[in-house]
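Each chain, letter by letter, is given below.
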Amino acid sequence: MLKSKIIFFLSFFFITSSLVNAQLLNSVKLKNGSILYGKIIEHRPDSIIKIKDRCGNLWAFQYTEIESFNGKYKTKKEHIEPAIPFQFGFELGVAAFGGYYDPGLSFILSGKYALNDRISVGISTGAEYFEIPLLPAAGEIHLDIFKRRATPYLYVKGGYGFKLLPDEANNEYTSKYRGGPLFGAGIGIKKRFNPEFAMTFSIGYRHQQTFEERDYLFEDWWRSDYTRQYFMNRTAFKIGFVF
């Protein structure tokens, strides 16, 4: 009689423990029909899921491979409302660490059109200072790495900076200024709060050329005419708003 009770309680204990452990484990059903039981240790929406099974093996799956969780919950995806196709933006920036030249400053306005969920193209203009004030006119391409509200992105731009500084003429010399080609590329972080507003921060490379031609009315041993072309290569830091 005592032996029967001991066997009963041991059986009840093991069955209860198994049920409790089963409740603590997650089940992941794949689209190929496989079901895996274990503990989810990493869960990135629209990216990957890592799960450790009951034998201690670690499995990683793409989010697109998964059909459901725990038998009744569909794959949880971060709901992202698409951004409006055409958006305006403005950026404030500084371009520094370019040798002995003064840091460059920029205020840029842009208009971009989304070709799809991740790629957008656009044009930009504004006001910049690279030894002389410039009016930049550039084309841009942006690539979002992920389809998320917060995502890193890549950008590249190219165009021309037109001078805003008038030519000089005085009783000593005349000076003529010209702008020049511009180029930029870098990486940034974009945080989208809703389909109509986002903030960005980026760091990248910035190249700008300008020209100066000076003619002295009277030349001497320490003054002579010259023509200079400036090649400025800077590290650009920018913060922006898209709406």
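Heads up: the structure comes first, above all this text.
Here we summarise the structure given alongside this text.

How each quantity is defined
- Residues numbered from 1 in each chain as written.
- Predicted model: local features only at pLDDT ≥ 70, side-chain atom pairs only at ≥ 80, totals over all residues.
- Heavy atoms only, no water.
- Core = buried A, V, L, I, M, F, W, Y, C linked by side-chain atoms within 4.5 Å.
- Buried < 20%, exposed > 50% of the residue type's maximum accessible area, 1.4 Å probe, protein only.
- Helix = DSSP H or I, 4+ residues; strand = E, 2+ residues; numbered from the N terminus.
- Contact = heavy atoms within 4.5 Å.
- Pairing = 2+ DSSP bridges.

**Re the nonpolar core**
Generally speaking, nonpolar side chains in soluble globular proteins are found buried as a group.
Here's step 1: Of all hydrophobic cores here, the largest spans 8 residues; its members are Val28, Leu30, Leu36, Ile49, Ile51, Phe61, Tyr63 and Ile66.
Here's step 2: Those elements that place two or more of their residues in this core are strand S1 (26–30) and strand S3 (48–53).
Here's step 3: If we skip the residues at most four places from it in the chain, Leu36 touches Asn26, Ser27, Val28, Ile51, Asp53, Trp59 and Phe61.
Here's step 4: Judged by nonpolar contacts, the second largest core, of 7 residues, contains Phe130, Ile132, Leu134 and Met232.

**With respect to the pairing of strand S9 (residues 119–130)**
For a regular strand, the rule is simple: side chains alternate between the two faces of the sheet.
Here's step 1: Alternating residues of S9 divide into Ser120, Gly122, Ser124, Gly126, Glu128 and Phe130, all buried, and Ile119, Val121, Ile123, Thr125, Ala127 and Tyr129, none buried.
Here's step 2: Judged from the 10 bridges that link them, strand S8 (residues 104–114) and S9 form a sheet pairing that is antiparallel. Counted as the bridge partner of Ser106 is Glu128 from S9.
Here's step 3: Hairpin connection of S8 to S9: 4 residues between the antiparallel strands.
Here's step 4: Sheet analysis places S9 next to strand S10 (residues 132–144), joined by 10 bridges and oriented antiparallel. Bridge pairing in S10 links Ser120 to His142.
Here's step 5: Remark: 1 residue form the turn of the hairpin made by S9 and S10, two consecutive strands paired antiparallel; Glu131 in that turn has positive phi of roughly 70°.

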